[in-house]
Amino acid sequence: MLLQSTCVHAASFKGFKTAGTKPLPSRPCPQARLIRRRVECSAADVLREAPEAPKGFSPFDRVSVLSEALPYLQQFRNKTIVIKYGGAAMKDPTLKAGVIKDLVLLACVGVRPVLVHGGGPEINIWLNKLGIKAEFKNGLRVTDEATMDVVEMVLGGRVNKGLVTLIQQAGGQAVGLCGKDSNIIRARQMVEKDIGFVGDITSVNKDLIEALVKEQYIPVVASVAADPQTGQALNVNADIAAGEMAAALQAEKLILMTDVPGVLKDKDDIATKYTALDIRSTRQLVADGIIAGGMIPKVECCIRCLAQGVAATHIIDGRQPHSLLMELLTDTGVGTMITG
């Protein structure tokens with residue numbers, strides 16, 4: 001069901017809770033026309049394109065869902081939202097097509113999405129085909145020269161252009177890029193970690209992205225950067241790339257689409273999910289060992305974004321159908337929202 005809600009955001013961001021209500025914006029919302037100049041998409045179009053409703057879900061129910069979404073559509077109209085997409089959420093073709101349709105729907109109603117992607121599973125497939133062993137050290141891919149060639153080929157070519165094609169098939173307009181284009185993402189090699197051509201992001205050039213967004217294109221950016229001094233391609237973490245992009249663009253939100261439902265008190269029990277956190281409580285959960293392993297760099301990425309002016313960050317499960325829309329456009333959310 002389009003925009004069906006399964007979890008509840010906390011009403012208060014002081015400390016953290018596992019239930020509550022996500023508040024509507026307190027500042028005045030601009031009057032919104034739900035039609036874009038370049039990609040025309042009316043409420044009727046949204047209804048026609050929505051998945052077939054289950055039995056008992058009437059046309060009135062569908063209109064009620066759109067009515068619930070209206071305040072959020074008004075709040076986010078003409079606002080930039082950076083979305084990181086990757087991991088298991090990209091493996092299933094049907095699921096991937098659904099994510100892309102939701103992205104295009106957001107663009108249709110006036111949101112300005114920027115998609116930053118990784119593609120680890122696809123990289124592993126091609127490394128295996130070429131007889132190159134995938135190696136990791138402290139969670140980072142060891143990227144020698146041969147591996148870097150594959151990373152750049154897969155992310156900047158196959159994965160990136162595949163996403164662009166899906167967006168355009170869904171009725172949107174997208175431009176595929178990688179961090180090397182127009183020096184969008186500059187990085188330096190992490191020579192001290194002895195993991196090859198892996199980069200630490202030093203700066204983001206937002207000019208090209210802003211120009212594309214202004215003309216209502218959806219930028220699709222692969223997480224490959226370049227060292228501005230040597231021109232060497234560098235493999236960079238897609239979560240960090242998305243976070244730095246959001247900060248540079250002063251985006252309204254950063255959304256990390258991951259393989260987990262959000263931040264969990266008990267990693268094996270979804271009922272223990274924190275629906276809303278602030279920076280202080282997030283750091284406390286890290287200190288207490290509740291946030292651990294691969295979730296640590298994700299929340300650190302969120303904290304850096306918030307410190308640089310991004311209004312809110314979200315960690316959601318990209319494998320859940322319509323999770324992007326449910327997190328943004330309903331009174332109840334599906335992931336963990338972290339604010340300042």
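Residues numbered from 1 in each chain as written. Predicted model: local features only at pLDDT ≥ 70, side-chain atom pairs only at ≥ 80, totals over all residues. Heavy atoms only, no water.

Caption draft 1: Focus on the overall build of the chain. Secondary structure summary: the chain contains 10 helices and 16 strands in total. Per-residue burial over the chain gives 49% buried out of 340 residues. Partitioning the contacts of the chain with sequence separation of at least 6, the portion at a separation of at least 24 is 73%. Per element, the accessible surface of the chain, about 15,500 Å² overall, is 52% carbon and sulfur. (Helix = DSSP H or I, 4+ residues; strand = E, 2+ residues; numbered from the N terminus. Buried < 20%, exposed > 50% of the residue type's maximum accessible area, 1.4 Å probe, protein only. Contact = heavy atoms within 4.5 Å. Areas by Shrake-Rupley, 256 points an atom, 1.4 Å probe, with all protein chains shown as cover.)

Caption draft 2: View of the packing of aromatic side chains. What the rule picks out here adds up to zero aromatic pairs. The lysine or arginine in question, Lys129, covers the ring of Trp126, its NZ or CZ lying 4.1 Å from the ring centre. (Phe/Tyr/Trp six-rings, centres within 6.5 Å; stacked < 30°, edge-to-face > 60°. Lys NZ or Arg CZ within 6 Å of the ring centre and 35° of its normal.)

Caption draft 3: Representation of the pattern of salt bridges within the structure. Evaluated as defined, the whole model comprises 11 salt bridges. Between Asp239 and Lys84 there is a salt bridge, with its nearest N and O atoms 3.3 Å apart. Linking Asp239 in helix α7 (residues 238-249) with Lys84 in strand β1 (residues 80-85), this pair joins segments that are 155 residues apart in sequence. Judged on exposure class, the residue Asp239 and its partner Lys84 are both buried. Across the salt bridge formed by Lys267 and Asp268, the nearest N and O atoms sit 3.5 Å from each other. The exposure class of Lys267 is exposed, given its relative accessible area of 68%. A network of salt bridges, in which partner residues are shared, links Lys84, Asp239 and Lys298. (Salt bridge = Lys/Arg side-chain N within 4 Å of Asp/Glu carboxyl O.)

Caption draft 4: The packing of helix α3 (residues 93-108) against helix α5 (residues 145-169), seen in detail. Across the interface, α3 lies against α5 with an axial gap of 9 Å and an inter-helix angle of 60°. One element, α3, and the other, α5, form an angle in the oblique class. Once α3 is placed against α5, the crossing between them reads as right-handed. Between α3 and α5, the residues in contact are Lys96, Ile100, Leu103 and Val104 and Leu163, Leu166 and Ile167, respectively. Considering only residue class, the contact of α3 with α5 consists of six nonpolar, no polar and one charged. (Axes fitted to C-alpha atoms, helices over the stretch in contact; angles between N-to-C directions. Parallel < 35°, antiparallel > 145°, perpendicular 65-115°, else oblique. Left-handed = near helix turned anticlockwise from the far one by under 90°. Nonpolar A, V, L, I, M, F, W, Y, C, P; charged D, E, K, R; others polar.)

Caption draft 5: Local environment of the confidence of the model for the chain. Taken residue by residue, the chain gives an average pLDDT of 84. The fraction at 70 or more is 83%. Element-level pLDDT for the chain is lowest in helix α1 (residues 43-49), with a mean of 44, against a maximum mean of 98 in strand β8 (residues 218-222). Counted against residues more than four places away or in other chains, residues 1-51, with its pLDDT under 50, gives 134 contacts. (pLDDT = per-residue confidence, 0-100.)

Caption draft 6: Quick peek at the packing of helix α4 (residues 120-129) against α5. For the pair α4 and α5, the least separation of the axes is 9 Å and the interaxial angle reads 125°. When the axis of α4 is compared with that of α5, the two are oblique. Here α4 runs over α5; the crossing is right-handed. In this structure, α4 contributes Glu122, Ile123, Trp126 and Leu127 to the contact, and α5 contributes Thr147, Val150, Val151, Met153, Val154, Leu155, Arg158 and Val159. The residue makeup of the contact of α4 with α5, split by class, is nine nonpolar, one polar and two charged.

Caption draft 7: Structural detail: the side chain of Asp227. Examined against the element boundaries, Asp227 turns out to sit in the loop between β9 (224-226) and β10 (233-235). Buried within the structure, Asp227 lacks any salt-bridge partner; its nearest side chain of opposite charge belongs to Arg188, at an N-O separation of 8.4 Å. For Asp227, the contacting residues outside a window of four places in its chain are Ala187, Arg188, Gln189, Gln232 and Leu234. (Lys, Arg positive; Asp, Glu negative; His and termini not counted.)

Caption draft 8: A look at the environment of Thr143. Along the polypeptide, Thr143 turns up in the loop between β4 (140-141) and α5. Measuring from C-alpha to C-alpha, the distance between Thr143 and Val198 comes to 6.4 Å, with 55 residues separating the pair along the chain. In contact with Thr143, not counting residues within four places along its chain, are Met148, Ile195, Gly196, Phe197, Val198 and Asn235. Polar contacts involving the side chain of Thr143 include one to the main-chain carbonyl oxygen of Arg141, which spans 3.0 Å. (Polar contact = N/O pair within 3.5 Å; in protein donor to acceptor, adjacent residues only side chain to side chain.)

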